[in-house]
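# Chains, contacts and geometry: an overview
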Amino acid sequence: MPSYATHHIFATTVQRVTGDPPARIAANAPIAYRWGAQGPDPLLFYHAPLPNALHRLGQRLYTEPPAPLFEALCEAAVQAHDTTALAYVFGFCTHYALERVTSGFITAQADRLARILPGYPAETRRRMVETDIDGIMIAGYITADPTQYKAYRLLDPGSSECIVLARVLAQAVRETCAVRLSPAAVYRSLHDMRRVLRLAHHGEQLRGHLAHLDRLTGKTGLAAARIPSAQPLAADCANQAHRPWMSNDVERTDSFCDLFDAAVPLAVSLQRIVLERYYQQKPLDARFFPTDLTGTPIKK
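Report follows, based on the coordinates.

### Digging into the overall build of the protein chain
Within the protein chain, the regular secondary structure consists of twelve helices and two strands. The secondary structure elements of the protein chain, listed N-terminal to C-terminal, are α-α-α-α-α-α-α-α-α-α-α-β-β-α. In terms of overall dimensions, the protein chain is globule-like: its C-alpha atoms have a radius of gyration of 18 Å, near the 19 Å expected for 300 residues. Overall size of the protein chain, expressed as C-alpha extent along the three principal axes, is 50 × 40 × 40 Å. By residue count, 52% of the 300 residues in the protein chain fall in the buried class. Here the contacts in the protein chain between residues at least 6 apart in sequence split such that 74% fall between residues at least 24 apart.

What follows is the structure, encoded as structure tokens:
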């Protein structure tokens, strides 16, 4: 999955091109829109770094059929009677679009790193790719030195908008997955995600603590893989050289930036159908959700 700054940059890009009313609604509730762009990822940070039920639930949402989840998100937004909730769902649209288009690419790049870093587990290699791409996107869109940009500040868990979005996500997940999830737990996960990302930003001064986290989880280099670097990895994880890589047994040469651009029209289309669902009660067309968040086709 792309990391948090990349998702933010993508959501901002979509907001610039989508037009009104989605762009205006997102602008009026920017915190909700930004958190929506993180999708279910905050649940992965609940009481991090130790695994727990919410962490597993966040992982499960990546492989669940997305159409029922989006239908439940839209219904929860309608019941909230607050366009802040709609802005959150708009952000969630950008998360799904970028994940769907780029997950296969990130997996391929992480697999390629296995030849360079054979002792590192797959999860660590994926995170290294995600962090490297984050730095490249920050350098390309925001500032030349990613290590000086406090990207975690983009995510404000203390805003009143977070109360609304916590209720929306909790209700949608309860209905989709038939599990117990309280708005308070979602709200806590927002704070936990920002806390972990803040620690990662200052990771060079905290490498000893991060190494301790790695020992707790038993995953070599996993925590340290979140530390931003001033320069991209020599492995060219964004594939700016357009090397061949495989996706579903098909050879491709796209770079991450190519896929980033290709995902924008999809996100715009998703926001449009969500808008119609919210105001006109028009059911979502399941054909817009042919894959889960990992890009794996949904079995019929």
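There is more to say after this.
### Describing the pattern of salt bridges
Applying the stated criterion across every chain, the model contains eleven salt bridges. Put simply, Arg-60 and Glu-64 hold a salt bridge, and the shortest N to O gap is 3.0 Å. Judged by its relative accessible area of 33%, Arg-60 is partly exposed. Classification of Glu-64 as partly exposed rests on a relative accessible area of 22%. Glu-276 serves as the salt-bridge partner of Lys-282, at 3.5 Å between the closest nitrogen and oxygen. Classification of Lys-282 by relative accessible area gives partly exposed; the value is 44%. On the basis of relative accessibility, which here comes to 30%, the residue Glu-276 falls in the partly exposed class. One network of salt bridges, in which partners are shared, links Glu-71, Glu-75 and Arg-277.

### Quick word on the nonpolar core
Counting 95 residues, the largest nonpolar core has Phe-10, Trp-35, Leu-73 and Tyr-88 as the members making the most contacts within it. With 16 residues, the single largest contributor to this core is helix α7 (residues 83–113). Excluding its chain neighbours within four sequence positions, the residues that come into contact with Tyr-88 are Ala-32, Tyr-33, Trp-35, Gly-36, Gly-39, Leu-73, Leu-165, Val-168 and Leu-169.

### Quick notes on the packing of aromatic side chains
Within the structure shown, the criterion is met by eleven aromatic pairs. Taking the centre distance of 5.9 Å and the plane angle of 70 degrees together, the rings of Tyr-88 and Phe-92 count as edge-to-face. Of this pair, Tyr-88 and Phe-92 both sit in helix α7, four residues apart, which is roughly one turn of that helix. On the numbers, 5.5 Å between centres and 45 degrees between planes, the contact of Tyr-96 with Phe-289 is tilted. Taken as a pair, Tyr-96 in helix α7 and Phe-289 in the segment after α12 (256–280) lie far apart in primary sequence, 193 residues in all. Take Tyr-96 and Phe-289: they sit in the same class, and that class is buried. Members of the aromatic cluster, each reached through a chain of ring pairs, are Phe-10, Phe-105, Tyr-141, Trp-245, Phe-256 and Phe-260.

Rules and cut-offs
- Residues numbered from 1 in each chain as written.
- Predicted model: local features only at pLDDT ≥ 70, side-chain atom pairs only at ≥ 80, totals over all residues.
- Heavy atoms only, no water.
- Helix = DSSP H or I, 4+ residues; strand = E, 2+ residues; numbered from the N terminus.
- Rg over C-alpha atoms; globule rule 2.2 N^0.38 Å.
- Buried < 20%, exposed > 50% of the residue type's maximum accessible area, 1.4 Å probe, protein only.
- Contact = heavy atoms within 4.5 Å.
- Salt bridge = Lys/Arg side-chain N within 4 Å of Asp/Glu carboxyl O.
- Core = buried A, V, L, I, M, F, W, Y, C linked by side-chain atoms within 4.5 Å.
- Phe/Tyr/Trp six-rings, centres within 6.5 Å; stacked < 30°, edge-to-face > 60°.

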